[in-house]
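# Notes for the structure review
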There are 2 protein chains.
Amino acid sequence: MEQATRRTTIADVARAAGVSKAAVSFAFNTPERLSVDTVSRIREIATSLDYRPDPVARMLAQRRTWTLGILTPQGLDVIFTNPYFGEFSAGVATAAEAAGLAIQFISPLHGSLTRAVDRASVDGIIAIGLGADHPEVGQIRRSGIPFVVVDSTAMPDEPGVEVDDEGGALLAARHLVELGHRRFLVIGIEPPSAAAGLEPAGVTAKRLAGYRTAVAAVGVELPESEMVVGPASMEGGIDAFRRAWAAGARPTAVLAMSDAMAIGAMRAAGELGLTVPGDLSIVGFDDVDVAQYTNPPLTTVHQPIRRKGEEAVRLLLAGGRIRDEGPSEQQLLATRLVVRGSTARAPRGSEEVVDDGR
Amino acid sequence: MEQATRRTTIADVARAAGVSKAAVSFAFNTPERLSVDTVSRIREIATSLDYRPDPVARMLAQRRTWTLGILTPQGLDVIFTNPYFGEFSAGVATAAEAAGLAIQFISPLHGSLTRAVDRASVDGIIAIGLGADHPEVGQIRRSGIPFVVVDSTAMPDEPGVEVDDEGGALLAARHLVELGHRRFLVIGIEPPSAAAGLEPAGVTAKRLAGYRTAVAAVGVELPESEMVVGPASMEGGIDAFRRAWAAGARPTAVLAMSDAMAIGAMRAAGELGLTVPGDLSIVGFDDVDVAQYTNPPLTTVHQPIRRKGEEAVRLLLAGGRIRDEGPSEQQLLATRLVVRGSTARAPRGSEEVVDDGR
DNA sequence: ACGGTCAGCTAAACCGGTTTGCTAAACCGC
DNA sequence: GCGGTTTAGCAAACCGGTTTAGCTGACCGT
């Protein structure tokens, strides 16, 4: 069997044009080094031969891949179906495209994130959901590839982009407090796997702190018993709410740490005969696109998700090693509360604290 | 300023181990060609030197990138935030990971899809939303890279995976007909850009045909005036419904060609004071994850989105040129109707056809 | 006529691996 | 102790580009 017609290489073009390989390369990359007509002659021959430089060879020679990696501890299947990640990636993609960079997802390969990192050929990495002290981040740091951590506090001299989680959470809880709520259920995000060091713990802790400060103002505490965790998905939210309910929790308001979980909780509550916001108020976190389309529309803490992606790219580029120069910085983006339809005054008579039997 | 410490290369390892570069390569790729202790010695030295083979160099030498490309005419920002694409990509990703392949998105780069294709270094391509006769598909065909088209009829000897769009649409419309509906609004998907040859036209046409067959059974036609199109997003759905309403359409049921648009329409209807399904029934298409979480839950046509992604990978791999051998085939996957809460009997008295003044 | 410049191009090294002969030594049966 | 087969490993070519150093000849002023 005959080998499929080999693709045209730079040597073929050079030969056909009667010039050196270098000339062909120049014709495309630094045309000013050649005379105008040589350039156009080479280009013509190249197109007529349907020549397209092999991207891989080019990457090797230039030692640049023109690609940014998005590193996450979750599998691609969860990434792609999670609106939060979707919007974040969209932000990264927009900024990357503007800079002429492609993006690649680096996520556990056959269970190993380390292996995935080794295998990835990128000029820079955006780590999301991973602490700056995570082993894989260490691996990257040693490898010398520029990186930025997102949603996690960066090391002093390293770039990072964060959001005011605590402040946002505080706003959310205060809103409920002002509506007269006193019995809360907190639905938290649990790390994607049992592996240690996975970061959502960081944001979970910060948001919890915000909730606590707000409710403390009216003398309410948020004991572990009023908190339940699960994966940040709708199923996770359903499951979390059901578990809490089964365990006897009877909140008038739920503070969910992600919109997906809030939506799940809303559904689970509905199935249990509760109306939202009549019987139960729910506030989410993230302000994902769909939050406006739920029924009732979700009251939630807005964070600039896409913008985080764009900033991450900007910081990476500003670091110098990928494009131009600049010092590395850290960003803290603001959050704000968006009040929609899933929250209302607490039901009458719910203000007194329930005697929990102690 | 000193150059950052160069990463360890195969030559460094070879030198340190006192063997040839070839031996080091063998130690990792074909250890059986070396004696066991040489292998372990080399491996030890390699780890101690923190050696990791450069993926790019490896790709060049092997002329394999171990990467699959997902080709779409839309920008990455829409891809990542569109649940349909998300689920499809998740399917691709799952199957690709199982085969040890990475995935890369190929989407218009600075407006040019052609340029994006040239730039991409992949072993195979999955084209979604692009007709088999699309210019970029032709470009790929000429380049000799194996590919499969999804959601579009493939050329005779080329692999493709499709879904029974017409059948699904028929089921959806028949369901409404059986509920007594006679006044319909069809919300169709419009090609992402003005560029010609963009495929959704294909699925739009098939679904429309299905709708028509079903309603024809009760003597209803679906003239252009009862159809409105827009981008397949929630905003698109809102906008489409509003436009139709403003133009005087007063349907009792809407047939939306995508869940996102259905959700948008549901919202727009709500804002106009219509209750779903009391005043208006809505059925979507796709059965995206969120369809179960809307309020009311969306009645829709289920199609195996993730499965399409997996099949696409399977066909690509079966084609031989990427992994093993096999003939190329085409798949037609089934669709089915999932009745949930967004559809109900038509309001009383709506059966008679409205006199539209002609 | 001559040294100096400069524009235009080339040869060759290089990027960091893989792969293809090929050789030298060890092993084999007899 | 000898021809023949393995086994273990090496040198060099190769993948397809980029990049550096250097060459050549045209043009210039004097």
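Details of the structure are given in the entry above.
Please read all numbers here as calculations on a predicted model, not as lab measurements.

## Quick word on the overall build of chain A
Per the secondary structure count, chain A includes 13 helices and twelve strands. The C-alpha radius of gyration computed for chain A amounts to 26 Å, which surpasses the reference 21 Å derived for 358 residues by more than 25%, pointing to a less compact arrangement than a globule. On the principal axes, the C-alpha backbone points of chain A span a range of 90 × 45 × 35 Å.

## A word on the protein's contact with DNA strand C
Close to DNA strand C lie 25 residues, the nearest being Ala23 of chain A together with Ile10, Ala22, Ser25 and Ala61 of chain B. Put simply, the parts of the chain that give the surface near DNA strand C at least two residues each are helix H2 (21-29) and helix H4 (55-62) of chain A together with helix H2 (21-29) and helix H4 (55-62) of chain B. It is H4 of chain B that provides the largest number of residues to the surface near DNA strand C, a total of five residues. Of the residues belonging to the surface near DNA strand C, the class tally is twelve nonpolar, seven polar and six charged.

## What to know about the sheet that holds strand E11 (residues 330-333) of chain B
Residue and element names in this part refer to chain B. Spatial strand order, E2-E1-E3-E4-E5-E11: six strands in an open sheet with parallel pairing. Strands at the two margins of the open sheet, each flanked by one partner only, are strand E2 (102-106) and E11. Looking at each pair of strands side by side, their axes are set apart by 20 degrees on average, direction ignored. Alignment of strand E1 (residues 67-71) against strand E3 (residues 124-128), held across four bridges, turns out to be parallel. In the strand pairing of E3, isoleucine 70 is matched with isoleucine 126.

## What to know about the interface of chain B and chain A
With 35 residues of chain B at the interface, the matching set in chain A holds 34 residues. Contributing elements (two or more residues each) for the side of chain B that touches chain A: H4, helix H5 (76-81), helix H6 (83-98), E2, helix H7 (113-119) and helix H12 (259-271) of chain B. Looking at the side of chain B that touches chain A element by element, the count peaks at seven residues for H6 of chain B. Partitioning the side of chain B that touches chain A into residue classes produces 17 nonpolar, ten polar and eight charged.

## Looking at the nonpolar core
Grouped together as the largest cluster of nonpolar side chains are 185 residues, with contacts concentrated most on Ile126 and Ala265 of chain A together with Ile126 and Ala265 of chain B. Once residues lying within four places of it in the same chain are set aside, the contact partners of alanine 265 of chain B are Ile187, Gly237, Ala240, Phe241, Val254, Ala256 and Ile282 of chain B.

## Quick look at the relation of the copies chain B and chain A
Rotating chain B by 180 degrees and moving it 0.0 Å along the rotation axis overlays it on chain A with an RMSD of 0.1 Å. Both copies are brought into coincidence by an operation consistent with a two-fold rotation axis. Taken as a fraction of all interface residues of chain B, those also at the interface in chain A reach 97%, which identifies the copy contact as same-surface.

## Digging into the packing of H6 of chain B against helix H13 (residues 305-318) of chain B
Residues and elements named next belong to chain B. With their axes 7 Å apart at the nearest point, H6 and H13 run at an angle of 40 degrees to one another. Comparing their axes, H13 and H6 come out oblique. The chirality of how H6 crosses H13 is right-handed. Contacts between H6 and H13 involve Tyr84, Glu87, Phe88, Ser89, Ala90, Gly91, Val92, Thr94, Ala95 and Ala96 on the former and, on the latter, Ile305, Arg306, Arg307, Lys308, Gly309, Glu310, Ala312, Val313 and Arg314. Classifying every residue of the contact of H6 with H13 gives nine nonpolar, four polar and six charged.

## Let's talk about the environment of threonine 67 of chain B
All names here are of chain B. Note on placement: threonine 67 falls in strand E1. Residues threonine 67 and alanine 154 lie 87 residues apart in sequence; the distance between their C-alpha atoms is 22 Å. Setting aside anything within four residues of it in sequence, one finds threonine 67 in contact with Leu101, Ala102, Ile103, Gln104, Ser121, Val122 and Asp123.

## Topic: the pairing of strand E4 (residues 147-150) of chain B
Across a regular strand the side chains alternate sides, sitting on one face of the sheet and then on the other. All names here are of chain B. Along E4, one buried face is formed by Phe147 and Val149 and the opposite face, lined by Val148 and Val150, is buried too. Summarising the sheet, E3 and E4 pair through four bridges and their orientation is parallel. The partner of isoleucine 126 across the bridge, within E4, is valine 148. Between the parallel pair E3 and E4, the chain is carried across by helix H8 (residues 135-143), and the sense of this crossover is right-handed. The sheet contact formed by E4 and strand E5 (residues 160-163) spans two bridges and is parallel. By the bridge assignment, valine 149 is partnered in E5 with glycine 160.

## Quick notes on the protein's contact with DNA strand D
Inspection of the region around DNA strand D gives 25 residues, with Ile10, Ala22, Ser25 and Ala61 of chain A together with Ala22 of chain B positioned closest. Mapped by element, the contributors of at least two residues to the surface near DNA strand D are H2 and H4 of chain A together with H2 and H4 of chain B. Take the surface near DNA strand D: its biggest share by element is five residues, from H4 of chain A. Within the surface near DNA strand D, the residues separate by chemical class into twelve nonpolar, seven polar and six charged.

## A short note on the pairing of strand E5 (residues 160-163) of chain A
All names here are of chain A. Here E5 shows two buried faces, one formed by Gly160 and Glu162 and the other by Val161 and Val163. Here E5 runs beside strand E11 (residues 330-333); their pairing, made up of four bridges, is parallel. When the sheet's bridge partners are listed, glycine 160 is paired in E11 with glutamine 330.

## Re the sheet that holds strand E8 (residues 253-256) of chain B
Residues and elements named next belong to chain B. Ordered in space as E7-E6-E8-E9-E10-E12, the six strands form an open sheet in which the pairing is mixed. Across the chains shown, the open sheet's two edge strands, defined by having one partner strand only, are strand E7 (227-230) and strand E12 (336-338). The sheet shows a mean angle of 20 degrees between the axes of neighbouring strands, direction not considered. As paired elements, strand E9 (residues 281-286) and strand E10 (residues 299-302) share four bridges and run parallel to each other. Looking at the pairing, valine 283 lines up with threonine 299 of E10. Contacts from H12 reach strand E6 (184-189), E7, E8, E9 and E10, with the element oriented near 155 degrees to E9.

## Details of H4 of chain A
Buried within H4 of chain A we find Pro55, Val56 and Met59 of chain A. Down the axis, H4 of chain A shows its buried residues gathered within 100 degrees of arc, on one side only. Looking at the buried residues of H4 of chain A, the elements they touch are H4 and H7 of chain B.

## Quick look at H8 of chain B
All names here are of chain B. Three or more residues of H8 are buried, namely Glu136, Val137 and Ile140. In a view along the axis of H8, the buried residues occupy a sector of 105 degrees, so they form one face of it. In this structure, H8 carries Gly138 and Arg142 as exposed residues pointing more than 90 degrees from its buried face. Buried residues along H8 sit in contact with H7, E3 and E4. After H8 finishes, the residue glycine 144 shows a positive phi value of roughly 85 degrees.

Cut-offs applied
- Residues numbered from 1 in each chain as written.
- Chains lettered and ligands numbered in written order.
- Predicted model: local features only at pLDDT ≥ 70, side-chain atom pairs only at ≥ 80, totals over all residues.
- Helix = DSSP H or I, 4+ residues; strand = E, 2+ residues; numbered from the N terminus.
- Rg over C-alpha atoms; globule rule 2.2 N^0.38 Å.
- Near = placed C-beta within 6 Å.
- Nonpolar A, V, L, I, M, F, W, Y, C, P; charged D, E, K, R; others polar.
- Pairing = 2+ DSSP bridges.
- Axes fitted to C-alpha atoms, helices over the stretch in contact; angles between N-to-C directions.
- Contact = placed C-beta atoms within 7 Å.
- Core = buried A, V, L, I, M, F, W, Y, C linked by C-beta atoms within 7 Å.
- Buried ≥ 20, exposed ≤ 12 C-beta atoms within 10 Å, placed from the backbone.
- Least-squares fit on C-alpha atoms with pLDDT ≥ 70 in both.
- Parallel < 35°, antiparallel > 145°, perpendicular 65-115°, else oblique.
- Left-handed = near helix turned anticlockwise from the far one by under 90°.
- Right-handed = clockwise from strand over helix to strand, strands pointing away.
- Arc of directions from axis to C-beta.

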